[in-house]
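# Inside the fold
This is what each chain is made of:
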There are 4 protein chains.
Amino acid sequence: MIPRYSRPAMTAIWSPETRFRIWFEIEAHATTALAELGVVPREAADRVWEKGRDAVFDVARIDEIEAVTKHDVIAFLTHLAEIVGPEARFVHQGMTSSDVLDTCLNVQLVRAADILIADVDALLSALKRRAFEHRMTPTIGRSHGIHAEPVTFGLKLAQAYAEFERARARLVAAREEVATCAISGAVGTFANIDPRVEAHVAKAMGLTPEPVSTQVIPRDRHAMFFATLGVVASSVERLSVEIRHLQRTEVLEAEEFFSEGQKGSSAMPHKRNPVLTENMTGLARMVRAYALPAMENVALWHERDISHSSVERMIGPDATVTLDFALARLTGVVDKLLIYPANMQKNLDRLGGLVHSQRVLLALTQAGVSREDAYRLVQRNAMPVWRGEGDFLTLLKADPEVTAALSPEQIEECFDLAYHFKHVDTIFARVFGEEGRPET
Amino acid sequence: MIPRYSRPAMTAIWSPETRFRIWFEIEAHATTALAELGVVPREAADRVWEKGRDAVFDVARIDEIEAVTKHDVIAFLTHLAEIVGPEARFVHQGMTSSDVLDTCLNVQLVRAADILIADVDALLSALKRRAFEHRMTPTIGRSHGIHAEPVTFGLKLAQAYAEFERARARLVAAREEVATCAISGAVGTFANIDPRVEAHVAKAMGLTPEPVSTQVIPRDRHAMFFATLGVVASSVERLSVEIRHLQRTEVLEAEEFFSEGQKGSSAMPHKRNPVLTENMTGLARMVRAYALPAMENVALWHERDISHSSVERMIGPDATVTLDFALARLTGVVDKLLIYPANMQKNLDRLGGLVHSQRVLLALTQAGVSREDAYRLVQRNAMPVWRGEGDFLTLLKADPEVTAALSPEQIEECFDLAYHFKHVDTIFARVFGEEGRPET
Amino acid sequence: MIPRYSRPAMTAIWSPETRFRIWFEIEAHATTALAELGVVPREAADRVWEKGRDAVFDVARIDEIEAVTKHDVIAFLTHLAEIVGPEARFVHQGMTSSDVLDTCLNVQLVRAADILIADVDALLSALKRRAFEHRMTPTIGRSHGIHAEPVTFGLKLAQAYAEFERARARLVAAREEVATCAISGAVGTFANIDPRVEAHVAKAMGLTPEPVSTQVIPRDRHAMFFATLGVVASSVERLSVEIRHLQRTEVLEAEEFFSEGQKGSSAMPHKRNPVLTENMTGLARMVRAYALPAMENVALWHERDISHSSVERMIGPDATVTLDFALARLTGVVDKLLIYPANMQKNLDRLGGLVHSQRVLLALTQAGVSREDAYRLVQRNAMPVWRGEGDFLTLLKADPEVTAALSPEQIEECFDLAYHFKHVDTIFARVFGEEGRPET
Amino acid sequence: MIPRYSRPAMTAIWSPETRFRIWFEIEAHATTALAELGVVPREAADRVWEKGRDAVFDVARIDEIEAVTKHDVIAFLTHLAEIVGPEARFVHQGMTSSDVLDTCLNVQLVRAADILIADVDALLSALKRRAFEHRMTPTIGRSHGIHAEPVTFGLKLAQAYAEFERARARLVAAREEVATCAISGAVGTFANIDPRVEAHVAKAMGLTPEPVSTQVIPRDRHAMFFATLGVVASSVERLSVEIRHLQRTEVLEAEEFFSEGQKGSSAMPHKRNPVLTENMTGLARMVRAYALPAMENVALWHERDISHSSVERMIGPDATVTLDFALARLTGVVDKLLIYPANMQKNLDRLGGLVHSQRVLLALTQAGVSREDAYRLVQRNAMPVWRGEGDFLTLLKADPEVTAALSPEQIEECFDLAYHFKHVDTIFARVFGEEGRPET
C-alpha cells in the first residue's frame, strides 16, 4: 500500500484511529452484554459508552504505553482506563486479546469488502452505459491476435460487464466468509465468558458468531477472502490488457482519456500511452500475489500461532487498498474511454473482406458446390487479396465459377455485418436483463 | 498428476476415452437441437445417436488422424464420420472447436467437483464420528506451541468439521462457477448457430448457458475454481500439520494408523512416522501453486488466445486428482487415527497444574485480593513448580496468604476441568446442529 | 508433465529405469568405497559391479516387492539381491534410504540442467544467426505499444540473446546448487559410515559432498534451482509475447513458420495463429508456479520431514520437462521465424514521419529557435499528419517558419534512419563480442 | 513495508530524499561526461555539481510540480533548475526518463543487497559462535518429528551456518544481476547520446553498462533478484520453525530470549511464546510471495511497457525492508537464544534408550546373531520399554540370549553417544574451515 495507489476511504479503514475505534466498540458492546448478564455493573457499561463514544483515542499515547508493555491491546485498555476511569476495570473481562484483534480484523475486511463491492457497482454502471452506447458498433473479433469475424464493441463491454457481475457476486461471498466474530476467551472454550456476550457483540457489529474459534478465527476464511481479491484483480487485468491492445498504434480503436494539460500530446500526437491500464496490469500482479501468503496462513499450529499476524498487517491494507484503487481507476478509464468506430471500421476493412471468406465458403457449399471446389474457389480469390492485389468482394464477383453458383446479391450478402449481429440483442438481454432489450 | 497420488475415478475424468465421450455427447445433443430447428435432417441426428451412443472411440485412431490434421477436434470428427457414416457431415454445423473443448472442460470440472464434494462428505462423516467419540476427552490447548488452557479433543475435531463444511460450501460454489456451456460459434456471436442449440446442449449436459462467450468461456470462472481448490488444500494442510504435531515423540497424543505388516515398527516402536500427513502437507503446496497460473490465464487477448490451454491440460488433472487423493487420504487418517487420551492427560499434567494459574489469579481477585497481591501470590507458587519443585495445587494449599483468601475447596475448584468444558455442548450444537446436543 | 509437452531425453531422466540405474551406481560406488576401507569384502564390491553393471532392473518386479514392503529403496535392494546374490548383503551398509534418494535426485537435476543448458545454447545460436541476418533491418521501436523511435530487428534479437546468455549463466549456477551428494547415514552424523564413502561416491557421480546433511540434503538448494527455472521461463514468455505481438494482423512483422500441410492457411490466408508462442506463454506460467512449492519445501522440520517428497515427485519432472520443451520449441520458432522487413517499413511509415518529431524539435532548438517556438512549429505540422492530412516531411518543408531555421537538407536529415542506427554495431559488439563487429 | 517491521537504514534507501539524491548523481555524472565529450559546456557541468552536491532537494516542492506536469523526472529537473540556474538546461540532454529511473532503481537494489549481505554476515557470526559453544552438546535428531538418533546442537547450528553461507553467495550473485546502468535514450539505441556517457555514469555509480537496454533495463534481472530474496527468506523460515519447535512446552530445548520487563512471565512461567520466530515465519511468506509479480514483470511488451513500475514501487521496498528486518531479528534471536542442554538430555533419555535400538541390532548381527534373531531380541526388549516398563539397557543386560552374544561392555557401548559424534569435527571443518577444527 503506497499513497500513490491509495484512496482515502479504504486507507482510513486501516488507520490506527479506525482500529482503536473498532476495538472500543467491541469492548464496549461486550461490557454491555456482561452487564446484562449481571457479571459487571450496569453503570460501568454505561460509563464506558458515555466516556468512550465520542472520545478521540490518542494514538501517540497508546504507542507510548505499548513501548513499555509490549502489548497492543493492553496499551489500548490502559489508555481507555485513562479516559473512562476506574470503571474501565470491568472492560475486557474473560476476554483474550485475540477476541478483540480478530473480530476487529473481520470488521475491517467487511468494510473493505463493502467499498470494493461499491467500486464494482460503479464499474458495472460505466460498463453498461458504454456497452449500450456501442451495442451495434462493428469491430473485428480477434482470436490469437488475428482477425477472425466481426463482433460489436458493445459485446466486448457486455462481456466485461458479465465478468464483473461475477466479480461482484464473489466479493459478496468473500465478505460473508469473513463476517464472523469471536469472543470466546483464551482457547475458544468460553471458559471465562458467556457465549451470549459473543452473540451480542456479533449482532452489534454486523457479524455472526464464529462456530468454533480456537483463540483465533480460522484462517481459511481469510484465505478465501484474499484469493477472491486475486481473481477479481485478474479480471481487472483482462480488461486493462484489452484496452492496451486497442490503443496500440497499429490498432488505435480506443484510447485512455487524456486531460488537456497532460504532457506532450500535440508535438507527438501519436504518443498517448495507455499508462493507466499498464499500471493496473501491474497492480493486478500484486493483488494476485497476496493470495499466496493468505493461503499459507491457514495451517496455524494447534489452537493458534501468530505467524498469520505479520502477513495480515501487510496484505490486509495492501490487497484491499490496491484493488480499490485499481477498480476505481478502471471505472474512470472505461467511463471516459475514447472510442474510435471509424478506426474499427478501417481495421475491419483492412483485409479486403477476407474475414468473410468463411461465410463465402459456406454459401458456396450451400449452393451445391462441393466442399473441395468451394475451398479452391475461395482460395484462388483470397490469395491475391492477401498479397494486396484487390478486394475480395470484387474478385469474387468477377470469378465466373463463383457467379455460376451465387448471384451478386448472394455474394454481397456474405459481406453483410448484420448477419453477425443478429443475436447481439439476445446476448444483451442475457447480460442486462430485459431492460437490455432495445425498444422496438 | 502421478499414479502414486491418484485415484481411479478422478483420473478417469481426464482420460482420452472420457473426453471423446463428452465430445460426442456435446456434438450429438447439438445435432439433435439443429434437427429440431430444421437446420439438419432429423434422421441425421438419430443416426448419430444410434451409432455413437455405445461406440467405443478409438483413441489410437484419433491420434493417428490428428498427427496429420494437427487438429484434435477435426481428428475426432473424422473418426466419428468413420463410425456414423455420411450423416456425420451434419454434425458440428456452425460450431467452432472451442464450443466443444470449453464445454467439455467444464463438464469435466463439474464432475471433478462432484467427486471432491463427495470426498469432503466422507471426511466430514469421519470427523463427526471421531469428534463425538472424543467430545469430552480433555487435552491441553496450545497457543504458540505452548500450553495454554484445557480443551477437548472433540473440540479440535469439531473445528476441523466446521472448516471442512466451509470447504464443502466453497466447492459447491466453485462447481457452479464452471457449470456453464458455450455453443456460440467463431467469436461468440451465434452468427452461424442458433442460441437455442446452446440452450439445448447446456440442459442436456447439466450446465447453464454462458451469458457472453467470446469463442471461449471466460477464464475468471476457472481461476475461481482453482483458487478454491487451493484454499481447500490449505485446510487439508492445517489438519495434517495438527496430526503431525500430535504424533511428535514428545507429544504423542495421536498417531496415524499403522497396518500390521508395515515395516520396522516393533524393534523401534517409537519410530512411527506421520508420513501420510507429511505427504498431504506437500500435496497441499502443489494444489495451492496451481491457483496462480489459473489466475494468470484470465487475461486472454481480445476474444481469445490459446495460452490458457497448456496450463489447463496440466492443472485440470493435476489439481483435481491431487486434491481428491489428499482428501481421501485424510479421511482414512482421521477415520483410523490412533488417539491416546492417557497421553493427553499426561501432557495436561506435565506442568504441575500451572495451566490453571490464570484461574487462580482470577479467583484470588474475585475473593478481594488486590491484583498486585494476587499476582505476587500466584508467582511465588508458580516459580517452584516451573523449576520442578512441587505441584501447584499442593503449594497453593500450603500458602497461608492464599488460604486466607480461598478455602481448599475453592482452590481445588480452580483445577477442575469441567469449568473449561461447560460450553463444549454449545459449540457442538453450533457445529453439528441440535443432533450435536447430547441427550439429557 | 504430459506427453504433448515433453521431449524424450528429458523425460528419460525421470523414468523408473533411470532412477534405478542411478540408485545402482550410488550403491555400487559406495560398496567399492566400503571395500577400500576394509568394511566389506573387495569381492563383494566386485560382484556387485559385475552383476549389476549391465543388468536391466525389472521395474514391475520392484513394484511388486514395494507393494509388500511399502518401501521403495528396500524393494530395490531386494531386487538387487536377486541379481547379485548373497554378496548383496554388503550393499547399503551404514546408509539410510535418503542417502540414495537425495543423491539420486540431485544427479537427475544435474542431468536435467545439462539438457536445459544445451537447449539455451541452441536457442542462442538461432538468435545470433537471425540477429546478424537482421542487424540493420529497420523497424519501429515501441514503448507502451505505441510507436516511439526506430530500432533494428537485429537489436530486438540481440536483446533476447543477451537475456538468454544470462539465463544460461543462471542455469549453470543452478546446476551447481544441486550438484551435491550425501552419504551420511540416519541423521547425517556419519555414525555408521565413514565420510570417505561419501567423498568417493560424490566424485564418481560428478558431485561434491554436501557440507552438512541431516538425513536429507537441505532444500534451499532445490528452491534456488526451481526458482531459477521460473525466471528462465519468464524470459521464454517475454520473447513469445514479442512474437505474438509481431504476428498480430495489424502489425504482421513476423510470423511463426507454417508447414505446408498445416490446416486452413489459404482460404483464410490471414488466419495464421501464433499458437506456438501462445502455448509457451502458458507453459511459462506453469514453470513459474512450480517455484513456490519448492520454496515452501525449505522449512522441513528438524533433521527432516518428508513433505518435500510429494512436491518433488511432481515438480522434478514437471518443471524440467516443461521448460526443456518450451526452450526447444522457442528455438524452432526463432530459427524458422518468418520475418517481413517490408511490413516493418510500412509500419515505420504509418505515422507519416511523426516518429521523427522529437528529432525535428531538437534540430529546431539547436538551430536557435526557442523551445516554445520549436514546440509550436512541430505541433502545427504534426497535427494535420495525425489527422491523415499529409506527410510530416512535406509539411515541414512547406512551413516558412521551419525553413527559416532549417535547410531542406537539414530537415531531411531528421528523417534519416542511419542517425538511429549509428551505435547498432557497438551494441552488437557488447553482446556478441568482437566477432559481432562487422568487417569494414 | 510497515514501520513495525522496518529498520531505518534499509527504509532510507527508498525515501524520496535518497531517490532524488541518486537522480541528481546520475544526471550530474552524465552532464560531466557530456562536457568531456564537448556536447555541453564544461562550466555547466561544474555548476551542476557545485550547486547540487550539497543541495537538499525539496520533496514537497517536487511533488507540487509533479501535480502539474504529471511527470516525476520533469518535476525533479524543474526543481533542479531552480537550484542550479540556467545551466540546468544542459542536464539530461539526449536522455530519457527511464535512463534515470532504471539506473536509480538498480542503485537502490545494489545498496539494499549490501545491507542484506551485511545482515547475513552478522547472522553467520552469531550462528558460528553458538555452534562452537554447543559443538558437543548432545540432543536428539528427529526425522518426521520422531526421535531418530543423537546429534549435537552445534550440528544444527552448523547446518544453518552452511545454509546462510549459501544465502550470502546467492545475495552476492543477485546484487551482481542488478548492478547495471542504462543511459541509452528513448529506445536504447543511443541515437541522441554517446555510449561513453553511459560508461562514465556506470563507473561513477559502481555499476556496469547494460549490454542492451530497450529504454528499460530488462526485468529478468530483477526477477532473479527478488526470487533470490524469496529463497533466502525461506531459509529464515526454516531456522525460525526449528526454534519454534524447540520451544514447544513438551520439548523446551531452547527459548527465545525474554527481556526482564516482558509481560506475564512469572505468574505463568511456562507461557513464553516464540513470537519472534512465528513473526519471521509470516514475514518469509511475504518475501516469497513478492517473487511472483517480479517474474511476471519480465514479459514487458516490445521495447517496454510500464506495468512493471507499480509492482516495483511496492516490492522494491517491501521485499528488501522485510527481509532485512527478518534477518536482523533472526540474528538477535540466535545471538541470545536460551539453550537448555539439560532438557536436551532429558529428551534424549525420554525413550529409555530406544533410540539406540538400531545400534544394538547391528551389534548383535556383527556378533554373529542372524538378522531374524537379532530383530526378535531387540523387539522383545524394546516393547516393554515402549510401554513404560523399564529401561532398554537394563532389560538387554538381563536378557540371557542377548548376553550370550554381547558382553555387558559391548551392550553399554551401544548406548555411548561418542559413537555418534566422532565425525562432528569433520563436519565442523567442512563448514567453518580449518579454524573449525578444535586444537588438540
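Residues numbered from 1 in each chain as written. Chains lettered and ligands numbered in written order. Predicted model: local features only at pLDDT ≥ 70, side-chain atom pairs only at ≥ 80, totals over all residues.

The test is simple: UniProt positions are given in the numbering used here, feature names are shortened, and annotations may be inferred rather than shown by experiment.
As annotated in an unreviewed UniProt entry, chain A carries the name Adenylosuccinate lyase and comes from Methylobacterium oxalidis. The Sequence similarities (unreviewed entry) comment attached to chain A in UniProt states, word for word, "Belongs to the lyase 1 family. Adenylosuccinate lyase subfamily."

## Quick look at the overall build of chain A
For clarity, the threshold we go by: Comment: elements are numbered from the N terminus, with helices defined as DSSP H or I runs of at least four residues and strands as E runs of at least two. Only C-alpha atoms enter the radius of gyration; for comparison, a globular chain is expected to reach 2.2 Å times N to the power 0.38, where N is the number of residues. Counting other C-beta atoms within 10 Å of a residue's C-beta gives its exposure: the residue is buried at 20 or more, exposed at 12 or fewer, and partly exposed in between, where C-beta atoms are placed from the backbone. Once C-beta atoms have been placed from the backbone, residue pairs whose C-beta atoms lie within 7 Å are recorded as contacts.
The secondary structure content of chain A amounts to 20 helices and 6 strands. Taken over C-alpha atoms, the radius of gyration comes to 30 Å for chain A, far larger than the 22 Å a tight globule of 440 residues would show. Along the first, second and third principal axes, the C-alpha atoms of chain A reach 100 × 50 × 45 Å. Expressed as a percentage of its 440 residues, the buried residues of chain A come to 60%. Restricting the contact set of chain A to residue pairs at least 6 apart, pairs at least 24 apart contribute 74%.

## A look at the interface of chain C and chain A
Counted only if it meets this: Side-chain classes follow a simple rule in which Ala, Val, Leu, Ile, Met, Phe, Trp, Tyr, Cys and Pro form the nonpolar group, Asp, Glu, Lys and Arg form the charged group, and the remainder, Gly included, forms the polar group.
The interface is formed by 36 residues belonging to chain C together with 34 residues belonging to chain A. Among the secondary structure elements, those contributing two or more residues to the side of chain C that touches chain A are strand 2 (146-152), helix 9 (220-247), helix 10 (275-296), helix 13 (357-366) and helix 14 (371-386) of chain C. The dominant element in the side of chain C that touches chain A, judged by the number of residues it contributes, is helix 14 of chain C, at 6 residues. Tallied by class, residues from the side of chain C that touches chain A come to 16 nonpolar, 13 polar and 7 charged.

## A few points about the relation of the copies chain C and chain D
Cut-off, in case you're wondering: Superposition of the copies used a least-squares fit over C-alpha atoms from residues whose pLDDT is at least 70 in both.
At an RMSD of 0.0 Å, chain C and chain D line up after a rotation of 180 degrees and a shift of 0.0 Å along the axis. In the structure described here, the two chain copies are related by an operation that fits a two-fold rotation axis. Within chain C, the C-alpha atom positioned nearest to the axis of rotation is that of Ala227 of chain C, 3.1 Å from it.

## Some points on helix 19 (residues 424-432) of chain C
All names here are of chain C. Just so we agree on the cut-off: What the arc describes is the spread of directions from the helix axis to the C-beta atoms.
Three or more residues of helix 19 are buried, namely Val424, Ile427, Phe428, Val431 and Phe432. Down the axis of helix 19, the buried side of the element spans an arc of 110 degrees, and every buried residue falls inside it. Contact partners of the buried residues in helix 19: helix 6 (97-133), strand 2, helix 7 (153-178) and helix 18 (418-421). Gly433 sits one or two residues past helix 19 and shows a positive phi near 80 degrees.

## What about the interface of chain C and chain D?
Between chain C and chain D, the contact holds 59 residues from the first and 59 residues from the second. In terms of residue class, the side of chain C that touches chain D is built from 29 nonpolar, 16 polar and 14 charged.

## Notes on the domain arrangement of chain A
All names here are of chain A. Heads up, the condition is: The source of the domain bounds is an automatic or database domain assignment.
Partitioning chain A into domains gives domain 1 (3-90), domain 2 (97-257 + 267-347) and domain 3 (354-414). For domain 1 versus domain 2, the distance between C-alpha centres works out to 30 Å. Counting from both sides, the interface comprises 21 residues of domain 1 and, opposite them, 27 residues of domain 2. Of all the secondary structure elements, the ones that give two or more residues to the side of domain 1 that touches domain 2 are helix 1 (8-13) and helix 2 (16-36). For the side of domain 1 that touches domain 2, the leading source of residues is helix 2, giving 11 residues. For the side of domain 1 that touches domain 2, the residue count by class is 13 nonpolar, 4 polar and 4 charged.

## Details of the relation of the copies chain C and chain A
Placing chain C over chain A gives an RMSD of 0.1 Å and needs a rotation angle of 180 degrees, together with 0.0 Å of translation along the axis. Both copies present the same face, since 94% of the interface residues in chain C are matched by interface residues at the equivalent positions in chain A.

## Description of the nonpolar core
The line we're drawing: We define the nonpolar core as any set of buried residues of the types Ala, Val, Leu, Ile, Met, Phe, Trp, Tyr and Cys, connected via C-beta atoms lying within 7 Å of each other.
If you look at the biggest cluster of nonpolar residues, it comprises 496 residues, and the most contacted ones within it are Ala227 of chain A, Ala227 of chain B, Ala227 of chain C together with Ala227 of chain D. Once residues within four sequence positions are removed from consideration, Ala227 of chain B is found in contact with Ala227, Gly230, Val231 and Ala291 of chain A together with Ala291, Ala294 and Met295 of chain B.

## With respect to the pairing of strand 1 (residues 138-143) of chain A
Side-chain positions along a regular strand alternate between the two faces of the sheet. Residue and element names in this part refer to chain A. Quick reminder of the rule: Strand pairing is defined by DSSP finding a minimum of two bridges between the two strands.
Most of strand 1 sits out of view: 5 of its 6 residues are buried. Strand direction decides the pairing type here: strand 1 and strand 2 (residues 146-152), joined by 5 bridges, are antiparallel. In the strand pairing of strand 2, Ile140 is matched with Pro150. Between strand 1 and strand 2, which pair antiparallel and follow one another directly, the connecting turn spans 2 residues, one of which, His144, has a positive phi of 60 degrees.

## Looking at the packing of helix 2 (residues 16-36) of chain B against helix 3 (residues 42-52) of chain B
Residues and elements named next belong to chain B. Spelled out, the test is: Between the N-to-C directions of two axes lies an angle of 0 to 180 degrees, each axis being a line fitted to C-alpha atoms and, for a helix, fitted only over the stretch in contact. To sort the angles, those under 35 degrees are grouped as roughly parallel, those over 145 as roughly antiparallel, those from 65 to 115 as roughly perpendicular, and the leftovers as oblique. By the definition used in this description, the sense in which the near helix is turned from the far one sets the handedness, with an anticlockwise turn below a right angle giving left-handed and a clockwise turn giving right-handed.
Relative orientation of the contacting elements helix 2 and helix 3 amounts to 160 degrees, with a least axis distance of 8 Å. By the angle class used here, helix 2 and helix 3 are roughly antiparallel. Between helix 2 and helix 3 lies a crossing of left-handed hand. Between helix 2 and helix 3, the residues in contact are Phe24, Ala28, Thr31, Thr32 and Ala35 and Arg42, Ala44, Ala45, Val48, Trp49 and Gly52, respectively. Tallied by class, the residues present in the contact of helix 2 with helix 3 amount to 7 nonpolar, 3 polar and 1 charged.

## Observations concerning unusual backbone geometry
Residues and elements named next belong to chain D. Of note in this structure, Lys70 is not a glycine but carries a positive phi near 55 degrees. When you line up the elements, Lys70 lands in the loop between helix 4 (59-69) and helix 5 (72-84). The backbone of Gln215 sits at a positive phi, close to 75 degrees, despite the residue not being glycine. Take Gln215: it is sitting in the loop between strand 4 (208-209) and helix 9 (220-247).

## What about helix 6 (residues 97-133) of chain A?
Rules: In this scheme, a helix's expected span is set at 1.5 Å multiplied by one less than its residue total.
The end-to-end C-alpha distance of helix 6 of chain A is 54 Å, a good match for the 54 Å that 37 residues give at a rise of 1.5 Å each. With respect to burial, helix 6 of chain A is a largely interior element, 27 of its 37 residues being buried.

## Digging into the environment of Leu252 of chain D
Residues and elements named next belong to chain D. Looking at the secondary structure, you find Leu252 in the loop between helix 9 and strand 5 (254-255). For Leu252, a count of 19 C-beta atoms within 10 Å translates into the label partly exposed. With 124 residues separating them along the chain, Leu252 and Arg376 place their C-alpha atoms 35 Å apart. Filtering out sequence-adjacent residues up to four positions away, Leu252 remains in contact with Gln247, Tyr340 and Asn343.

## Details of the packing of helix 10 (residues 275-289) of chain A against helix 11 (residues 307-336) of chain D
Running from amino to carboxyl end, helix 10 of chain A crosses helix 11 of chain D at an angle of 45 degrees, the nearest separation of the two axes being 6 Å. Relative to helix 11 of chain D, the element helix 10 of chain A lies oblique. The handedness of the crossing between helix 10 of chain A and helix 11 of chain D comes out as right-handed. Where helix 10 of chain A approaches helix 11 of chain D, its residues Glu278, Asn279, Thr281, Gly282, Leu283, Arg285 and Met286 of chain A are matched on the opposing element by Ser307, His308, Ser309, Ser310, Val311 and Met314 of chain D.

## Comments concerning the environment of Ala12 of chain C
Among the structural elements, Ala12 of chain C can be located in helix 1 (residues 8-13). Sequence separation of Ala12 of chain C and Pro317 of chain C is 305 residues, and the distance between their C-alpha atoms is 9.7 Å.

## Some points on the environment of Ile306 of chain C
Note that Ile306 of chain C resides in the loop between helix 10 and helix 11 (307-335). Residues Ile306 of chain C and Val216 of chain C, spaced 90 residues apart in sequence, show a C-alpha to C-alpha distance of 9.5 Å. Beyond its immediate sequence surroundings of up to four residues, Ile306 of chain C is in contact with Val275, Glu278 and Asn279 of chain B together with His144 of chain D.

## A look at the confidence of the model for chain A
The following threshold applies: Summary of the metric used: pLDDT quantifies the predictor's per-residue confidence within the range 0 to 100.
Residues with a pLDDT of 70 or more make up 97% of chain A, whose mean pLDDT is 94. Interface predicted TM-score (ipTM) for the complex: 0.96; the corresponding pTM is 0.97.

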